[in-house]
Amino acid sequence: MASVSVDEAMRRAIALAARGLGATSPNPVVGCVLLDADGEVAGEGFHAYAGGPHAEIVALAQAGRRARGGTAVVTLEPCDHTGRTGPCSHALIAAGVARVVVAVPDPNPVASGGAATLRAAGIQVELGVRAEEAEAGNVAWLTSMRRGWPYVIWKYAATLDGRSAAADGTSMWITSEAARIDVHALRGTVDAVIAGVGTVLADDPRLTARNLRDGTLAIRQPLRVVVDSSGRTPAEARVRDGAARTWVATAAEVGAGRDGRVDLAALLAELHHRGVRAALLEGGPTLAGAFLAAGLVDKIVGYVAPKLLGAGPTALLDAGVTTIADAIDLELTDVTQVGPDLRITALPRKREA
């Protein structure tokens, strides 16, 4: 078997880490490739689910004795604490690994320190290899841990002229089945789906991740969150059907902002406390506007259908913009055709302080 460069190994580790998306929270996604002393791949692994073995442990188990004198290439700094599993830093030391190459340092103060422990044991540690790629693959967890609230993705569906429903209120279906399948896959990668009570009253959504062809539920379901300032969610609403956990967040429980509605910053802080690292904001236009106005949206995924309505509700209401100079500028990162529709991915640009 031919030897592999550290750069190639890190690229493989990043791809492995992506396999854990949607299943590891509140832990990060992590991939690891273990090269033996000759530079050949001896083992590889990724963190598959919270409470399961970490990527380094899986790779070490595959490598066995070949780990001694080898190089561990890992997307995130090996953990240095005992939680549901033991510290990976100690496992690497015990295996006799000579070098550890890390893409991104661990920002979690509870688990960080692995690099220092490895160096103290005489192991060579290198940081920053393919850091940008590894950051992108773990952006939700890293962002959440650094600031203390979840990474928020606003998802919307609209016609080419920005309508989310017709003048009579009908909206099934604005987008194609292919786009809706894509949305359910997106739901499967997050820890919570957030909707406003207005959307619940108008559309009675399930907010679950499921197979649209046969209706079966995904194995792992995100927490359903209804932002309901005054507790108007009906007892018979489908979000209360038991198919997934549901939290009806009221102003009395979470706290109210100046407008008397649920304090969104407090809501996100509580979700972070509950282990939510990535949240999908799905509706409706009033809640989306409030999140955008408060600067709480990290990413936008819009599904645009090749239809025109000319009238009817829009996908977004007041976002705090009163003049063109205040428009929320976006950085387009991807435009992909999904069935007949376009999926547009964008990041809100940071405003100058």
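What you are looking at is a predicted structure, and each value in this text was computed from that prediction instead of being measured. (Residues numbered from 1 in each chain as written. Predicted model: local features only at pLDDT ≥ 70, side-chain atom pairs only at ≥ 80, totals over all residues. Heavy atoms only, no water.)

Peer 1: Looking at this structure, I do not really get the overall build of the protein. What am I missing?
Peer 2: Looking only at helices and strands, the protein has 11 helices and 13 strands in total. The C-alpha atoms of the protein give a radius of gyration of 22 Å, which matches the 20 Å a tight globule of 353 residues would have. Overall, the protein is about 70 × 45 × 45 Å in size when its C-alpha atoms are taken along their principal axes. For the protein, the residues scored as buried account for 46% of the 353 residues in total. Within the protein, residue pairs in contact and separated by at least 24 positions form 70% of the contacts whose partners lie at least 6 positions apart. Total accessible area on the protein stands at roughly 16,600 Å², and carbon and sulfur atoms take up 53% of it. The distance from the centre of the 35 positive side-chain charges to the centre of the 38 negative ones in the protein is 3 Å. (Helix = DSSP H or I, 4+ residues; strand = E, 2+ residues; numbered from the N terminus. Rg over C-alpha atoms; globule rule 2.2 N^0.38 Å. Buried < 20%, exposed > 50% of the residue type's maximum accessible area, 1.4 Å probe, protein only. Contact = heavy atoms within 4.5 Å. Areas by Shrake-Rupley, 256 points an atom, 1.4 Å probe, with all protein chains shown as cover. Lys, Arg positive; Asp, Glu negative; His and termini not counted. Charge placed at Lys NZ, Arg CZ, Asp CG, Glu CD.)

Peer 1: Looking at this structure, how should I read a nonpolar patch on the surface?
Peer 2: On the surface, a cluster of nonpolar side chains totalling about 280 Å² of accessible area is made up of Leu332, Val335 and Leu342. Positionally, Leu332 belongs in strand S12 (residues 330-338). (Patch = residues over 30% accessible without salt bridge, like charges linked within 9 Å, V, L, I, M, F, W, Y side chains within 5 Å. Salt bridge = Lys/Arg side-chain N within 4 Å of Asp/Glu carboxyl O.)

Peer 1: How do you make sense of the sheet that holds S12 when you look at a structure like this?
Peer 2: Pairing between sheet strands relies on hydrogen bonds along the backbone, with the strands arranged either parallel or antiparallel. The 8 strands lie next to each other as S9-S8-S7-S10-S6-S11-S13-S12, forming an open sheet whose pairing is mixed. Both outer strands of the open sheet, strand S9 (246-249) and S12, are each paired with one neighbouring strand and no more. Put simply, the sheet's adjacent strands are angled 20° from each other on average, direction ignored. Both strand S6 (residues 151-159) and strand S10 (residues 278-283) contribute to a ladder of 4 bridges, which runs parallel. (Pairing = 2+ DSSP bridges. Axes fitted to C-alpha atoms, helices over the stretch in contact; angles between N-to-C directions.)

Peer 1: Just to check I follow, could you spell out the side chain of Thr175 for this structure?
Peer 2: Looking at where Thr175 falls in the secondary structure, it is placed in the loop between S6 and helix H7 (177-187). According to the relative accessible area criterion, Thr175 is buried, its value standing at 9%. Once residues lying within four places of it in the same chain are set aside, the contact partners of Thr175 are Ala157, Arg180, Tyr303, Ala305 and Asp341.

Peer 1: Help me out: how do you make sense of the packing of aromatic side chains in this one?
Peer 2: The geometry of an aromatic ring pair is captured by two quantities: the separation of the ring centres and the angle between the planes. Under the counting rule described, the total for this entry stands at 1 aromatic pair. Here the guanidinium or amino end of Arg180 rests over the ring plane of Trp173, the centre of that ring lying 4.1 Å away. Here the guanidinium or amino end of Arg274 rests over the ring plane of Trp247, the centre of that ring lying 3.9 Å away. (Phe/Tyr/Trp six-rings, centres within 6.5 Å; stacked < 30°, edge-to-face > 60°. Lys NZ or Arg CZ within 6 Å of the ring centre and 35° of its normal.)

Peer 1: In this structure, what is going on with the UniProt feature "active site" (unreviewed entry) in the protein? I would like to understand it.
Peer 2: When the UniProt feature table is mapped onto this chain, "active site" (unreviewed entry) is found at Glu56. Structurally, Glu56 can be placed in helix H2 (residues 55-63). Those residues in contact with Glu56, other than ones at most four positions away along the chain, are Val30, Cys32, Val74, Leu76, Pro78, Cys88 and Leu92. (UniProt positions renumbered as here; feature names shortened; annotations may be inferred.)

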